[in-house]
Structures are given as C-alpha cells and as structure tokens.
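Inside the fold
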Amino acid sequence: MSEKFLEVKDLRVVYTQNRKTVQAVNGISIRLERGRTLGLVGETGAGKTTIAKAIMRILPDIAAKITGGEIWLDGVDILKLPPDEMMNVRGEKVAMIFQDPMTALNPLMTVGDQILEVIRLHDDCDKKAGMDRAGDMLELVGIPRERYAEYPHQFSGGMKQRVVIAMALACDPELLLADEPTTALDVTIQAQVLDLIRELKEKYNTSMILITHDLGVVAQTCDDVAVIYAGKIVEFGKKEDIFDHPAHPYTIGLFGSLPGMAVGEKRLHSISGLPPDPTALPEGCAFWPRCPHAVEACKGKIPTRKIRGVHFCQCVKEKEELQEVYSHGRS
Amino acid sequence: MGRYILKRLMTMIVILVCAAILVFTLMYFVPGDPARLQLGVDIPEAILQAKRHELGIDTPYIVQLGKFLYNAFLRFDFGYSWKYGVSVMEELIVRLPRTLMIGIPAMILNVLIGTVLGIYSAIHEGKWQDSITMVIAMVFVSAPNFWVALMFILLFALKLNWVPAFGIENLQSYLLPIICSALPGIAVNARQARSSMLEVVRADYITTARAKGQKDRVIVRKHMLPNAMMPIITGVAGGLCQLVAGSPVIETVFSIPGVGAYMLSGVNLRDRPVVCGCVVFFALFTSLVILIMDLSYAFLDPRIKAQYAKGR
C-alpha cells in the first residue's frame, strides 16, 4: 500500500562564502511515502530551503556544494544522474512551489506562456494543445483562462502564488516541494492557497514536503513533521506525536513561543539566544548554548532516542526525562 | 502611447530651445572680437565696423538671440559660417553621412561584440574566461581613444600598410576610425552587460526556470537576456550619442571632414553660427536617440508599456 518513495540519506550541503564555509545541512535523513506530506519546521536559516533545492539539484553552482549523502527518488539516486537526465526529473517528477510569488515569475512573460513552458518541456505536444492545457491549469487554480495572456504585474500576490502552483502541478509531479508557499501571503489568502494545495495533492496522490516555520500550517496540512535546527533533524514524528508530546527542548521552545489562547498573556515567550553561527557550529548538540536543560554531556556525541513508534528525538536525555521535560516546560 | 510620444516630442522642443539659448549665450560672451579675429590686428576701425555690420553682430544681444532662434527653429537655418561664408545647414548635411559612417557601424559592433562578451563573461563568472575578458575591457575603458587611434595608425597604416592613415578616399579608410570609436563602447557595454546579467542570474525566476527542467542555454536566451536587456540598451544608446558627439577627437586624428571636425574648427575660429549649428544638431540627435530608447523599453517590458499607455 504505502511504499518508500523518497529517501534522503545523510545529506550534507555546504556554502562557501568569502572563504568561509557555511554548514547549511549536516546529515539529514528523510523518508517519505507516496501520498504523504512531511513538514520541515525550523527557524530561518536552519537549512530547510537548501534541502529542497538539493533534492531538485538547483542549488547555486558556484556557492553551494553537496558534500555527502544520497537522494533516492523512486529507486534512483538522483545525485548521480547526469545533468541532462536530471532535467527530465525536474518539473516532471519533482516540482517546487517557491517562497516568494512576487519574484518567482518572469516579469516579461505572460503567465500562460510560463505554464506552457514547463508543459512543452516534458510533454510531447504541439503549441496549441499545450496552450489549452496551460489554460486548464489556470482554471484548476481558480484563475479564468482568459487571463492567459496577462503579465505577472497584473496579478495580485495570492493570484501569482496560484500561477506558481499551477506551474508546479502542470506535469502531475509525483513529489511536490512547497517552500513556505504561504509566507508571503496574508492570512485569508493563506488558508485558500493551503486548501488548494491539499485538494490538488489528494486528487493526484502527490507526495509533498512542506517547508514552513508556521506551526499552524503544519497542523493543517502535514502527516509527519521533522523539526530542523542548524541543518539537523532534532526531532521527527507523526504530527500528533510532535504536537501532543514534543520531546526535544527546541521543539518545546517552538511551541512555547506560540501565543496561548488562554488567560491574558502579556508577552510572547521566546527561546533565549540566537541560532548558532553556521560557520562555527558548537560541538555536540547545536542547541545546547540556548537549551535550558543543557548539561556537560550535550557537548559530546548525541544519541538518537526512540520515543514511540516513528517518533525520534536527538537529545542526551533519557526517554523518561524527555517526557518530564515536556510537562516541565509547559508549566 | 501616442499621447506619450507627443508629450515627449513637446519636451524635446523645449530642451532644444534651451540648449540653443545656452550655446548662443556662451558663444556671445566669449572674449575676442569676431571681426578682428577674421581680419587681423592692424585693421582700421571703420573696416572692422563694416565687418561687424556684415556679420550682424553690431546689434544688442537680445536682438541677435531672437534672430538666431527664429531662423534656427522656424526656418531651419543656422546662418552662414563667418569664416567661409558657407551655409551651416548645407555643410552639416554634407558632413553628417561621414560622421554616421563611423558612428553607426561602431554602434553595431558595440552591440554585437560588447553584449556577447558581457554575457560570455557573466556565464563564466569567476573563472579565467571572465577575468581575461574583464581585464581587456578595463584596458579599453581606460585607454584614451585618441591614443589608441594613434597606436593603430602606427601599426596598421604605417607599419603594415593595410589601410590608409587618414582621409576618406575609399571605404577602407573608414575601417580604423570605426574600430577606434567602437573599442571604448564595446568595453563599457561588455562590463554593463556582464553586471546586468549577473543581477538577473540571481533572480528567483531563474531558479523557477531551472526548476522546470529548462536547458541552461534556453534559460539564458529566454529568461535572462530579455530581463537584462534594459540597462544594456541604455548603455548602447548613450554610447551612440557619445560616438556622434565625441566624433571631434576621432575625426581630427583621422582627418575626416565630419560634423565633429566641423564643430571643432568652429570653436577654434570663434565661428558662432558653426558652433551653434553643430551643438543644436547634436542636441537634436541625442534627444531622438533617447526617445527611441525609451520607446524600445515599452516593447521589452509590459510594465513600462502599461505606464506609457496611462500617458505618464
């Protein structure tokens, strides 16, 4: 029934900037089954977008380098594919929805032609049929097909994001990478766009990786959640596991920083300190300088603790202690 | 769109009149008596006075200015050269093709070679191809073109004897002037094209195009180039204006009787009708080129077209 569709093994990516090495992704492993949605949650700069771009192999050539790991998609290690075969994977098997719809579209091309471009790259059809399909895609995302020949500047932000989604879905991709698809939109449009993505995903049984820092979006959309900190997965589990029994102190901190609905809280809680400098990550667990429960052992090798079922956490504390941390952290 | 063009043409006329007033005033107040300059120092006052009357410079400034503007803008007549007594307008018409014979081919070379070099350099950013291209471009941006021209004459005309060193006897004699005027423009344009391509390379829609699985070559042609084109056009148009207005130097070095050389001789002899005629002509040419450039933006960018349509 469910099959392993995407498997990322120990992925490592570094950026080189002014002779400094930025360790963006430090050994990420992900498994994703067909039709499921994985949420990647974490702060800005945690390496979420880099993971998605590595899967697409569209990291900037000069600055970024994949230094290790494998990415298996449907039984093929796509990191080993020659560039011309990778072009057939991009857009057809894997598609990406970008963060900022304002800049993701070419301002000098009509929106229809931009959708047509991806269709004609992957499907053998003449221009007329392709334009028809591009029109269908526009209607699918709720834009009248009469607007085919309009330019991006004639669309609002939410409409542009719909165009970006139409473009990503035009060739029925098997894996959809949605990189903060709603961050640039206001809240009412966010809900519409999320509903749209979910609907289309169910219709085509697409797998999806949803990148976000918005826990509300995760709750609405995802099956599994991976919490990322400084290029590592610190906690992984089913959505229910993570939301009801967060174990890692960082995850708890994240939830703690959500505004509570209850009694009039005056201030939002925040995790003290700043994310670590990715050019000089601390030894051991990258979170220990900010962790309220840090002990000496945190600077050493961090074990992976199984909590329940698929729920894992990377922390030196024992399972029981972690549960305790949870109840403690909330009080 | 039509309304926009009309508005721009009106502005252009205002600018031309301003330029004309400015250059006339400057030439009027330049020290030195034109009559004495023409006839020599030891000339009796009566003859000088007669000469002044003949040149029409014995009336007050404002009368002379009014007469000049009336003739220039309503009768398209800049008067006669004080020195040679030839109609300035007729002389300009004879000389213009020679200047354009250098300016237009130089501009075409500039667009073709400069833009291609810039794109090539941008695609190989940080690699040796990029460094070499940019160093060469830097050299030709910095080298004064009269010096380059002299070196070329030494090498190609005197040593190798491939082309004539000066004059306009045959088509080959235009070869060196064209190359010498084009070189700085090519260098400037290559640098401009490179930097505007690099700006576009990092744009999100390029990542989008790559994510679609588009080939790199097509991405450059279809997505990058059109978006990088506007600063390049600006540079090329500016370059053409400079080619024509900067023609005095090259025309002097190669002894080509073009508009530039004409203006220079006018300045040297304080020949006011010649200088005023040339400057107004340059101003007209520059305004036209800029207008065409602005209109070409509308064809490249639908956002600008929408603005023009609103008549802004």
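Residues numbered from 1 in each chain as written. Chains lettered and ligands numbered in written order. Predicted model: local features only at pLDDT ≥ 70, side-chain atom pairs only at ≥ 80, totals over all residues.

1. Side note on the overall build of chain A
Secondary structure assignment for chain A yields 11 helices and 12 strands. On C-alpha atoms alone, chain A measures out to a radius of gyration of 21 Å, which is about the 20 Å that the 2.2 N^0.38 rule sets for 331 residues. Across its three principal directions, the C-alpha atoms of chain A cover 65 × 50 × 45 Å. With 331 residues in all, chain A has 46% of them scored as buried. Taking contacts inside chain A between residues at least 6 apart in sequence as the whole, the part at least 24 apart equals 63%. (Helix = DSSP H or I, 4+ residues; strand = E, 2+ residues; numbered from the N terminus. Rg over C-alpha atoms; globule rule 2.2 N^0.38 Å. Buried ≥ 20, exposed ≤ 12 C-beta atoms within 10 Å, placed from the backbone. Contact = placed C-beta atoms within 7 Å.)

2. Observations concerning the overall build of chain B
Across its full length, chain B holds 14 helices and zero strands. Each helix and strand of chain B, ordered N terminal to C terminal, gives the series α-α-α-α-α-α-α-α-α-α-α-α-α-α. A burial count over chain B gives 34% of its 312 residues as buried. Sequence-distant contacts, at least 24 apart, represent 71% of the contacts inside chain B between residues at least 6 apart.

3. Some points on the packing of helix 5 (residues 88-123) of chain B against helix 10 (residues 216-245) of chain B
In a packed pair of helices, the relevant descriptors are the angle between the two axes and the axis-to-axis distance. Residues and elements named next belong to chain B. At a closest axis distance of 10 Å, the pairing of helix 5 and helix 10 adopts a crossing angle of 145°. Between helix 5 and helix 10 lies a crossing whose hand is right-handed. Contact residues: helix 5 offers Thr-99, Gly-103, Ala-106, Met-107, Asn-110, Val-111, Thr-115, Ile-119 and Ile-123, while helix 10 offers Val-220, Ile-232, Val-236, Gly-239, Leu-240, Leu-243 and Val-244. Taken together, the residues that form the contact of helix 5 with helix 10 break down as 11 nonpolar, five polar and no charged. (Axes fitted to C-alpha atoms, helices over the stretch in contact; angles between N-to-C directions. Left-handed = near helix turned anticlockwise from the far one by under 90°. Nonpolar A, V, L, I, M, F, W, Y, C, P; charged D, E, K, R; others polar.)

4. Things to note about the packing of helix 1 (residues 2-29) of chain B against helix 13 (residues 272-300) of chain B
All names here are of chain B. Orientation of helix 1 relative to helix 13, taken along the N-to-C sense of each, is 155°, at an axis distance of 9 Å. Relative to helix 13, the element helix 1 is oriented roughly antiparallel. In this structure, the crossing between helix 1 and helix 13 has a hand that is right-handed. Residue-level contacts link Arg-8, Met-12, Ile-15, Leu-16, Ala-19, Ala-20, Val-23, Phe-24 and Met-27 of helix 1 to Arg-272, Val-275, Cys-276, Val-279, Val-280, Ala-283, Leu-284, Ser-287 and Leu-291 of helix 13. A class-by-class count of the residues in the contact of helix 1 with helix 13 yields 15 nonpolar, one polar and two charged. (Parallel < 35°, antiparallel > 145°, perpendicular 65-115°, else oblique.)

5. Notes on the domain arrangement of chain A
All names here are of chain A. In terms of domains, chain A is made up of domain 1 (4-222) and domain 2 (246-260 + 269-330). Opposite the eight residues of domain 1 that make contact, domain 2 presents six residues. For the side of domain 1 that touches domain 2, the leading source of residues is strand 2 (residues 20-33), giving five residues. Of the residues in the side of domain 1 that touches domain 2, the class split is three nonpolar, three polar and two charged. (Domains from an automatic or database assignment.)

6. Notes on the UniProt feature "domain: ABC transporter" (unreviewed entry) in chain A
UniProt marks residues 6-255 of chain A with the feature "domain: ABC transporter" (unreviewed entry), using the numbering shown here. Split by type, residues 6-255 of chain A is 39% helix and 28% strand. Its first and last C-alpha atoms lie 28 Å apart. (UniProt positions renumbered as here; feature names shortened; annotations may be inferred.)

7. Some points on the domain arrangement of chain B
All names here are of chain B. According to the domain assignment, chain B consists of domain 1 (2-74) and domain 2 (95-309). Taken over C-alpha atoms, the centre of domain 1 sits 33 Å from the centre of domain 2. With 16 residues of domain 1 at the contact, the number on the domain 2 side is 12 residues. For the side of domain 1 that touches domain 2, the elements supplying multiple residues, two or more each, are helix 1, helix 2 (34-39) and helix 4 (61-74).

8. Topic: the sheet that holds strand 12 (residues 311-314) of chain A
Residue and element names in this part refer to chain A. Read from one edge to the other, the open sheet built from eight strands follows the order 6-7-8-3-9-10-12-11, with strand pairing classed as mixed. Strand pairing shows two members of the sheet lacking a second neighbour, strand 6 (94-97) and strand 11 (304-308), which therefore form its edges. Across the sheet, the mean angle separating the axes of adjacent strands is 20° when strand polarity is ignored. Summarising the sheet, strand 11 and strand 12 pair through four bridges and their orientation is antiparallel. (Pairing = 2+ DSSP bridges.)

9. Looking at helix 10 (residues 249-256) of chain A
Of all eight residues making up helix 10 of chain A, six are buried, and the element is well covered by its neighbours. Along helix 10 of chain A, the residues classified as buried are Pro249(A), Tyr250(A), Thr251(A), Ile252(A), Gly253(A) and Leu254(A).

10. With respect to the pairing of strand 11 of chain A
The element strand 11 of chain A is barely covered by neighbouring structure, given that only zero of its five residues are classed as buried. Counting the residues that bridge the hairpin from strand 11 of chain A to strand 12 of chain A gives two residues, and of these Gly309(A) lies at a positive phi of roughly 60°.

11. Looking at the nonpolar core
Counting residues in hydrophobic clusters, the biggest one holds 153 residues, and the most contacted among them are Ile115(A), Ala166(A), Leu177(A), Val227(A) and Cys276(B). For this core, the leading source of residues is helix 8 (residues 175-201) of chain B, giving 12 residues. Ignoring anything within four residues of it in the chain, the contact list for Ala166(A) reads Ile115(A), Met137(A), Leu138(A), Leu140(A) and Val141(A). (Core = buried A, V, L, I, M, F, W, Y, C linked by C-beta atoms within 7 Å.)

12. Thoughts on the interface of chain A and chain B
Counting residues at the interface gives 24 residues for chain A and 20 residues for chain B. At the level of elements, helix 2 (83-89), strand 6, helix 3 (101-104) and helix 4 (111-122) of chain A are the ones that each hand at least two residues to the side of chain A that touches chain B. Per element, the largest residue contribution to the side of chain A that touches chain B is four residues, and it comes from helix 4 of chain A. Split by residue class, the side of chain A that touches chain B holds 14 nonpolar, six polar and four charged.

13. A few points about the sheet that holds strand 1 (residues 4-17) of chain A
Residue and element names in this part refer to chain A. Strand order across the open sheet formed by four strands is 2-1-4-5, with antiparallel pairing between neighbours. Strands with a single pairing partner mark the edges of an open sheet, and in this sheet they are strand 2 and strand 5 (76-77). In the sheet, strand 1 pairs with strand 4 (residues 64-73) via eight bridges, with the strands oriented antiparallel. Bridge pairing in strand 4 links Val-13 to Ile-66. Set on the sheet, helix 1 (residues 48-56) makes contact with strand 1, strand 2 and strand 4; between it and strand 2 the angle comes to about 70°.

14. Quick word on the UniProt feature "transmembrane region" (unreviewed entry) in chain B
Residues and elements named next belong to chain B. UniProt records the feature "transmembrane region" (unreviewed entry) at residues 12-30, 100-123, 135-159, 171-190, 224-245 and 272-300, using the numbering of this structure. Within residues 100-123, the helical portion is 100% and the strand portion 0%, while the C-alpha atoms at the span's ends are 33 Å from each other. This span, residues 135-159, is 92% helix and 0% strand, and a straight line between its end C-alpha atoms measures 27 Å.

15. Some words on the UniProt feature "domain: ABC transmembrane type-1" (unreviewed entry) in chain B
UniProt's entry tags residues 96-297 of chain B with the feature "domain: ABC transmembrane type-1" (unreviewed entry), counted in the numbering of this structure. Helix and strand shares over residues 96-297 of chain B are 82% and 0% respectively, and the end C-alpha atoms of the span are 28 Å apart.

16. Structural notes on unusual backbone geometry
Residues and elements named next belong to chain A. Positive phi values are uncommon outside glycine, yet Asp-74 reaches one of about 55°. Checked against the element boundaries, Asp-74 lands in the loop between strand 4 and strand 5. Of note in this structure, Asn-205 is not a glycine but carries a positive phi near 50°. Tracing the backbone through its elements, the reader meets Asn-205 in the loop between helix 7 (187-204) and strand 8 (207-212). According to the C-beta neighbour criterion, Asn-205 is exposed, with 11 such atoms within 10 Å.

17. Some thoughts on the environment of Leu32(A)
Residues and elements named next belong to chain A. Mapped onto the elements, Leu-32 comes out in strand 2. Since 20 C-beta atoms lie within 10 Å of it, Leu-32 is described here as buried. Taking the C-alpha atoms as reference, Leu-32 lies 21 Å from Gly-216; in sequence the two are 184 residues apart. Among all residues touching Leu-32, those that are not within four sequence positions of it are Phe-5, Leu-6, Leu-38, Ser-207 and Ile-209.

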